[in-house]
Every structure is written in C-alpha cells, then in structure tokens.
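One letter stands for each residue in the lines below.
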Amino acid sequence: MGLSLGERCGLVMQSDIRAMSIECARMGGINLSQGVCDTPVPPVVLQGAADAVMQGANIYTHHTGIRELREAIVAKQRRFTGVAFDAEREVVVSAGATGAMYCAFQALLNRGDEVIVFEPFYGYHVSTLRAVEAVPLFVPLDPSDGWSFRVEALEAAVTPKTKALLINTPANPSGKVFSCDELALLAEFAIRHDLFVFTDEMYEHFVFGGLSHVSMASMPGMRERTITISGLSKTFSVTGWRIGYALCDPRWAASIGYFNDLFYVCAASPLQVGVTAGLRLLGDDYYHGLAAEYEVRRDLFCAALAEAGLEPHVPQGAYYVLAGTERLPGATAREKAMHILRETGVASVPGSAFYHDGGGENLVRFCFAKESHVLEAACEKLLKLR
Ligand SMILES: Cc1ncc(COP(=O)(O)O)c(C=O)c1O
C-alpha cells in the first residue's frame, strides 16, 4: 500500500499534557497536569443552558454566534477593559478560544509568515501556528527576573517576514501578567514593525495580589491591529462546552467568521444561551470572588510545593505554577514528572512541553484549578518528596 499520512501530521502530535493525563488515569492518581477545572459552574449558567435545551435551541446559530451572546461579550469587554466593540461586526463566537485562534491564524497568516512567541509558551499556540504553516520565533521570558523579556531580544528576532506578535496575559504556564509598561513597549514595537498582535486573554479574571489585567487592545493605537481572544471555559468552569471568541476590527473579523463557519459552523447553540445568562446575570462580585478564591488556592499550593522542595515560581495570574525540580532524580523533565507521579500519585506536565528546544528540563507545571479537597490531598501527597 502506497498510502501515507499527510506531512502536517508530523507537526501536530499528542501533547505531553494529554500523555500525562492518560498515565495518571492508568495509575489512579490526582491529575494536576491538564488545565481542566473541576470547580463548580455558576448555577445561572447551568440553568440557562438547561432551559435552552428544553425550549428547543437545537438548530445552527448565526456563524458568529447568537446576537444576545455577542452583545453580552461586548458589554463585559467594555466593563472590564474599557474597549468598545461592535456586536454586529467585531465579534466571532467560536468553538472555544482554541477555535477562535485557529480561525484567526487561518484568516490572517500565510505560509511562512513568522510570529513572535514568548517562551515558555502554551503548546497549542505553537502547534496551531505550525498547523497553518506559520513559523514561530521564540523570545525568552527570564524566570529569575519575574519572567521579564528584553526588547533587544524582540528586535533581534524580528525579520521582514514577521507578521505578528502573540502574547498571553495572564500567561500559561508562567502565570506572568504583562504590566501596562510592558504592553506599552510591545505596542510600540508592534506599531513600528507593522505587526498584528494576537492576544490570548483566557485568564483575564484570574489575577492575584492586587494586580490588574490590561488588555492589549486598550493600548493607544493598538485596537485596529489586535485580535483579542478569550472565552468562558475557565471563567465559568465549562471547558467542555467549547465557547470562546475573537474580538477585532471588522476587516479581520469578517474572514475569521467565514473560517469559523467553515470549520465549526457555529458554537453549540444551547450552550451559547447558557453562557449568555452568566454574562448578563453575574455581577462584579462573581469575578472578584473568582480571583480571590484562586488566590487562596495558589497560596496553599505554592506553600506545599516549597515545603516539598519543588521551588515554585509563584504566579501573578492564571491557575498554573511552574516549579523547580533540580533536586529530583532524572535527566529530563519528563523523567522528573514521572518520578513525581510514581512517588506521590500527582501528575504534572514536564517543563519541556513549554519550550521549543531543550528548555524547561528543570521545571514541571501543576494546575491548581481543583476543588479544595482534591488540592489539599495533592499537597499532602507531594510532601512525600521531602
Ligand atoms: C492560554 C490558553 N488559551 C486557551 C485555552 C483553551 O481555551 P478554550 O477552552 O476556550 O479553547 C487554554 C486552556 O488551557 C489556555 O491555557
């Protein structure tokens, strides 16, 4: 038989995250590898979706999402970031932020276009770039200096083929929250080199220690070149519902919407209604409560990591923590993560999953978006490493 897989299959492989989840399930361990939050869904969101199912919300919706949801998204965006979008022409509701990102790359990037990505990166960003045959250029974040970056490194990376900059704030896996000053530097850089900015703001409501999330589109001169991507997976603990969105200038949004129609047709109709109810009915106290609740989890978990001898890089946002594994046996991050799983029954992700070329070997990432009793059990088990 002369048949074979297409060449792109080599670019998209099973992620280490899924591999660790599978291994953890086989061992009956506590899975802190995947970013699956098992915290409760707000009842109004559940009720909204249940009512929609019972009332027959069964058919395709508009390819950019139901109008009520688009309006609720722009209202929330204005309330929290100060940026106004037009619900009719500047919002594309997609199959999660993942779907929105893929459609945005399809619409705006050509084969061979370069995109600057900060490292450590979220694996889906890089794999999705590769899936559209774009080329990631890596700029390091320095763990010893609060995950800072150097403008000189950005200048050294950029070439005439560079079309975009990708940022993720708050970031997975580092937990970095880009400051206003950093965003101003990046905005100036993007304008000077005429770049798009893709900004993944999935964890916008998970910001700790009195810091604030600043949206790139709110920076002067950035709105027209920024594609803001976010969604409700994390904010409402509905990762399996697959509701996310892109917000941007209509020149880009129209084509992003056509790709969304092609790949997904629309996001799940009754679930769009459910998250609309959440966006309409939940007040600031919900969002503030979320941040406060996760800050408690962060502090509890980071204290346990420190006690277990896995030095945590305490995150400013999102719900992951990278921890140092220098003192554990094993030559690679994968071996070290396996050691932790074997010894304690707690699954993490090898740090190498977040670096392109041999980085992250002394790091593992834990997800702390777990119900308190699960997190406490994991903390207890990790102390076996002392
Ligand atoms: C940075 C980041 N963006 C996007 C996603 C996925 O979002 P969605 O479930 O909306 O596709 C994740 C999930 O882990 C993430 O960490």
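Predicted model, so just to flag it, every value in this text is computed and none were measured. (Residues numbered from 1 in each chain as written. Predicted model: local features only at pLDDT ≥ 70, side-chain atom pairs only at ≥ 80, totals over all residues. Heavy atoms only, no water.)

(A) Spotlight on the overall build of the protein. The secondary structure content of the protein amounts to twelve helices and 13 strands. Against the compact-globule benchmark of 21 Å for 386 residues, the protein has a radius of gyration of 20 Å, which places it among compact chains. C-alpha extents for the protein along the principal axes are approximately 60 × 55 × 55 Å. Considering only contacts within the protein whose residues lie at least 6 apart along the sequence, 74% involve residues at least 24 apart. Approximately 16,100 Å² of the protein is accessible, and the part contributed by carbon and sulfur atoms is 54%. The positive charge centre, built from 33 side chains, and the negative charge centre, built from 43, are 4 Å apart in the protein. (Helix = DSSP H or I, 4+ residues; strand = E, 2+ residues; numbered from the N terminus. Rg over C-alpha atoms; globule rule 2.2 N^0.38 Å. Contact = heavy atoms within 4.5 Å. Areas by Shrake-Rupley, 256 points an atom, 1.4 Å probe, with all protein chains shown as cover. Lys, Arg positive; Asp, Glu negative; His and termini not counted. Charge placed at Lys NZ, Arg CZ, Asp CG, Glu CD.)

(B) How the structure looks around the domain arrangement of the protein. For the protein, the domain assignment lists domain 1 (14–41 + 285–385) and domain 2 (43–281). Computed over C-alpha atoms, the centres of domain 1 and domain 2 are 24 Å apart. Contact between domain 1 and domain 2 buries roughly 2,900 Å² in total, counting both sides, with carbon and sulfur atoms accounting for 61%. Area buried by domain 1 at its contact with domain 2 is led by Val41, Tyr287 and Gln316, which between them contribute 28% of it. Applying the counting rule to domain 1 against domain 2 returns zero salt bridges. Where domain 1 meets domain 2, there are twelve residue pairs in polar contact (both at pLDDT 80 or more). Considering each element in turn, the side of domain 1 that touches domain 2 owes the most residues, seven residues, to helix H10 (residues 284–308). For the side of domain 1 that touches domain 2, the per-class residue count stands at 18 nonpolar, six polar and five charged. (Domains from an automatic or database assignment. Buried area = accessible area lost by both parts, 1.4 Å probe. Salt bridge = Lys/Arg side-chain N within 4 Å of Asp/Glu carboxyl O. Polar contact = N/O pair within 3.5 Å; in protein donor to acceptor, adjacent residues only side chain to side chain. Nonpolar A, V, L, I, M, F, W, Y, C, P; charged D, E, K, R; others polar.)

(C) Focus on the site of the ligand. In the vicinity of the ligand there are 13 residues, among which Ala97, Thr98, Asp200, Ser233 and Arg242 approach most closely. A distance of 2.7 Å separates an oxygen atom of the ligand from a polar atom in the side chain of Ser233. Contact between the ligand and Lys234: an oxygen atom at 2.8 Å from a side-chain N or O atom of the residue. Starting from 390 Å² of accessible surface for the ligand in isolation, the protein chains cover 92%. Of the residues forming the shell around the ligand, the biggest block, three residues, is contributed by helix H4 (residues 96–108). Taken together, the residues that form the shell around the ligand break down as five nonpolar, five polar and three charged. (Near = heavy atom within 4 Å.)

(D) Seen up close, the side chain of Ser230. Structurally, Ser230 can be placed in strand S7 (residues 226–231). Among the residues examined, Ser230 registers a relative accessible area of 2% and is labelled buried. A polar contact is formed between the side chain of Ser230 and the backbone oxygen of Glu201, at a distance of 3.1 Å. Here the side chain of Ser230 touches Glu204 through a polar contact of 2.6 Å, side chain to side chain. (Buried < 20%, exposed > 50% of the residue type's maximum accessible area, 1.4 Å probe, protein only.)

(E) Quick peek at the pattern of salt bridges. For the coordinates displayed, the defined rule picks out 22 salt bridges. Where Arg251 meets Glu224, a salt bridge forms, and the shortest distance between an N and an O atom there is 3.2 Å. Of the two residues, Arg251 is situated in helix H8 (residues 250–264) and Glu224 in the loop between strand S6 (196–200) and S7; the sequence distance between them amounts to 27 residues. Taken together, the shared-partner salt bridges in this structure form one network comprising Arg67, Arg70, Glu71 and Glu88.

(F) Spatial organisation of helix H5 (residues 123–131). Among all positions of H5, only His125, Val126, Thr128 and Leu129 are buried. Buried residues of H5, seen end-on, are gathered within an arc of 165 degrees and therefore sit on one face of the element. Those residues of H5 that are buried are in contact with H4, strand S3 (114–119), strand S4 (135–140), strand S5 (162–168) and S6. Positive backbone phi, approximately 65 degrees, marks Glu133, located one or two places after H5. (Arc of directions from axis to C-beta.)

(G) Quick look at the packing of aromatic side chains. Under the defined criterion, the tally for this structure stands at 23 aromatic pairs. Arranged with centres 5.4 Å apart and planes meeting at 85 degrees, the rings of Tyr286 and Tyr287 form a pair that is edge-to-face. Assigned by exposure class, Tyr286 and Tyr287 land together as buried. For the cation-ring pair, Lys176 lies above Phe178, with the distance from its terminal atom to the ring centre recorded as 4.8 Å. (Phe/Tyr/Trp six-rings, centres within 6.5 Å; stacked < 30°, edge-to-face > 60°. Lys NZ or Arg CZ within 6 Å of the ring centre and 35° of its normal.)

(H) Structural view of the packing of helix H2 (residues 43–54) against helix H9 (residues 269–281). Where H2 contacts H9, the two axes come as close as 7 Å, and the packing angle between them is 145 degrees. For the crossing formed where H2 meets H9, the hand is right-handed. When H2 is examined against H9, the residues Val44, Val45, Gly48, Ala49, Ala52 and Val53 are found in contact with a partner set consisting of Pro270, Leu271, Val273, Gly274, Val275, Ala277, Gly278 and Leu281. (Axes fitted to C-alpha atoms, helices over the stretch in contact; angles between N-to-C directions. Left-handed = near helix turned anticlockwise from the far one by under 90°.)

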